[in-house]
Amino acid sequence: MPTATYAAHEIAVDDEGFFTDPSQWTEQLAPEIARAAGLGELNERQWRVVRFMRAQYEQTGAGPSVRALAKASGIPIKELYELFPKGPAKLAARIAGIPKPRGCI
Amino acid sequence: MAHDSINGESASARIVVLGGGTGGTLAANRLRRSLGASARVTVVDQGDRHVYQPGLLFVPFGHRRAAELTRPRADQLRGGIEFVQSRVDRVDLPARMVHLATHPPIGYDVLVIATGAVLVPDETEGLAAALAAGKDVHTFYSLDGAQALARRLDAFDGGHVIVNIVDLPIKCPVAPLEFCFLADSYFRHRGIRDRVRLTYATPLDAAFTKPVAAKELAGLLQRKDIELVTDFSTGTVDGSRNTLTSFDGRELRFDLAVVVPLHNGADFVTDSAGLGDELGFVTVDPHTLQSTVDERVFAIGDAAALPASKAGSVAHFEGEVLVENIRRLLAGEPLTARFDGHTNCFVETGAGKALLIDFNYDTEPQPGRYPNSVGMPLLREARLNHLGKLLFQPLYWHVLLPGHDLPGLGSAMPVRGKRNSSPRAASSIGAGNTKG
């Protein structure tokens, strides 16, 4: 199983960089994961999405899809793509330290 | 009038089933058979036309006519089941009352929500207008749409055909792939395949959600010369410039786009606070199918928010569990019947062949045979699977909807006849799976 190091913490991740143990995540790690993903400093809107993803995961056991994320957070999909280019649900899930959103089957 | 007790001392419990499609019809028929006179079963649906939805895939290619696919809803219900034709306005959970648009409200002891998924093309910029224009943007996810597409394909003599899923969840997630395979066959048959470029554009990062099946299906796309565009989350459909644009700014130009619109649950679910998720699908326990907010409410089929496919086979396998748990609820017993996420899809691959996949919440589609070691081949193209799919249509009307079990097939996913692709993991699946 691969690992990644954020803020001097060794984290177990899957092949795509998603945390395999979400309990290893703390808010301090988020800026480092974002930097490693090429995002730069997280702004307030991005933080809102990351915290929202985390809360959804803790409540339901899974991260939301982009559609559900847009409907529940009130941030339109277009803006979500501006905040997290190349796939908001996946990138925000990685930064929030939760597994890859399963999508639907 | 709703009863005060759930414990079955009342002579007749009132069960209201919302939706007379696959899930609602088979649930009502099974409830009637299981509970007999101890329950009064009412089915509510806004229309009286039951469409055999697996048949929609074949309409665009002229292999099925619309008239062959529809029957009156009420005729599919056993004697003694009441049918009410009306749109549902909302459900009042505390009062145990369903409010209807064109019928007095109905009280219930147990409510079964089976209102499926609805297409919402207006949630994608430009799509509703492009579909209405009926020019180069079509869908086969409705009967009218499939018929219009049949006419458009008939007149099509070459160019770029893009098959696109706007986003998930959708009904029968393999159907758009099947459409690609059948289109390849269709254009070959017409002798114009060399003039047609075929592209499959999906919001997923692979051809399908399940990795083992995704690999097999991606190989098939490649062999049939169908281009795969992944991570394409459709933002805009432009029916006059003939382009699809993704949210991350990629543009695809088409001569004919076959688009699967977004799906939501029924409006009344969203309008009945607490009942559903953001998209209007009913939140239920994935094993008991009971609502997470009200013990008297259950959901079956596409209407339920489950980590399973929205597919008729799922509704069928859920039926037995749902009815047993409702019987138990009425008798005051714990709900011990459990749905395992069993899903079973015949995937048409063109030229009279199909492959079959079978999986559940915990197990990926595996190669082998179904339902046992002498059954139909899994994850492999075969004539037998295509025949299985054809045979399914009469079984749908005469076995599945009436609520009978298919011979030899229970609700739980069978493991006999399967072999795991990873030899290390084989021992964890159980006995009988070692056949190579």
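Predicted, not measured: the structure shown is a model, and the values here were computed from it.

Caption draft 1: Structural view of the sheet that holds strand S2 (residues 39-45) of chain B. All names here are of chain B. If you walk across this open sheet you meet the 5 strands as S5-S2-S1-S9-S21, and the pairing is parallel. Pairing within the sheet leaves two strands with one partner each, and these edge strands are strand S5 (82-85) and strand S21 (297-299). For this sheet, the mean inter-axis angle between neighbouring strands, taken without regard to orientation, is 20 degrees. Alignment of strand S9 (residues 110-113) against S21, held across 3 bridges, turns out to be parallel. What sits directly across from Leu111, in S21, is Val297.

Caption draft 2: Structural view of the interface of chain A and chain B. In this complex, chain A contributes 16 residues to the contact, which on the side of chain B involves 17 residues. Elements supplying a minimum of two residues to the side of chain A that touches chain B: helix H3 (66-73) and helix H4 (77-83) of chain A. Looking at the side of chain A that touches chain B element by element, the count peaks at 5 residues for H3 of chain A.

Caption draft 3: Focus on helix H5 (residues 88-95) of chain A. Of all 8 residues in H5 of chain A, 8 are buried, a share of seventy percent or more. Within H5 of chain A, burial applies to Pro88, Ala89, Lys90, Leu91, Ala92, Ala93, Arg94 and Ile95 of chain A.

Caption draft 4: Local environment of the sheet that holds strand S11 (residues 137-138) of chain B. Residues and elements named next belong to chain B. Strand order in the open sheet formed by 5 strands is S11-S18-S12-S13-S14, and the pairing between neighbours is parallel. Because the sheet does not close on itself, it has two edges, and the strands there are S11 and strand S14 (226-229). One ladder, built from 5 bridges, connects strand S12 (residues 159-165) with strand S18 (residues 256-260); its direction is parallel. Paired with Ile162 across the strands is Ala257, a residue of S18.

Caption draft 5: The arrangement of the domain arrangement of chain B in detail. All names here are of chain B. The assigned domain composition of chain B is domain 1 (13-117 + 265-330), domain 2 (121-262) and domain 3 (343-428). On a C-alpha basis, the centroid separation for the pair domain 2 and domain 3 is 26 Å. Domain 2 puts 13 residues into the contact, and the matching count from domain 3 is 12 residues. Contributing elements (two or more residues each) for the side of domain 2 that touches domain 3: helix H5 (175-189) and helix H6 (211-223). The biggest single contributor to the side of domain 2 that touches domain 3 is H5, with 6 residues.

Caption draft 6: Here's a closer look at unusual backbone geometry. Omega for the peptide link from Leu168 of chain B to Pro169 of chain B comes to 5 degrees, which places this bond in the cis form. Tracing the chain through its elements places Pro169 of chain B in the loop between S12 and H5. Across the junction of Tyr370 of chain B and Pro371 of chain B, the peptide omega takes the value 0 degrees, indicating a cis bond. If you trace the backbone, Pro371 of chain B turns up in the loop between strand S25 (368-370) and strand S26 (376-378). Not every positive phi belongs to a glycine, and Ala7 of chain A is a case in point at roughly 50 degrees. Secondary-structure assignment places Ala7 of chain A in the loop between strand S1 (3-6) and strand S2 (9-12). Using a count of 12 C-beta atoms within 10 Å as the deciding quantity, one classes Ala7 of chain A as exposed. You will see that Leu379 of chain B, though not glycine, has its phi angle at about 60 degrees, which is positive. Turning to its location among the elements, Leu379 of chain B is positioned in the loop between S26 and helix H9 (383-400). Here Leu379 of chain B falls in the buried class, since 22 other C-beta atoms lie within 10 Å of it.

Rules used in this analysis
In every chain, residue numbers begin from 1 and rise along the written sequence. As they are written, the chains are lettered A onward and the ligands numbered 1 onward, keeping that order. Only residues with pLDDT of 70 or above have their local features reported here, since the model is predicted, and side-chain atom pairs are shown and tallied only from 80 upward, although totals for entire chains, interfaces and linings are computed over all residues. For two strands to be treated as a pair, DSSP must find at least two bridges joining them. Only DSSP runs of H or I covering at least 4 residues are called helices, and only runs of E covering at least 2 are called strands; the numbering of each starts at the N terminus. Angular values range over 0 to 180 degrees, each being the angle between N-to-C directions of two axes fitted as lines to C-alpha atoms, with helices fitted over their stretch in contact. With C-beta atoms placed from the backbone, a contact is any residue pair whose C-beta atoms sit within 7 Å. Partly exposed residues are those whose C-beta has more than 12 but fewer than 20 other C-beta atoms within 10 Å; 20 or more makes a residue buried and 12 or fewer makes it exposed, with C-beta atoms placed from the backbone. In this entry, domain limits derive from an automatic or database-based domain assignment.

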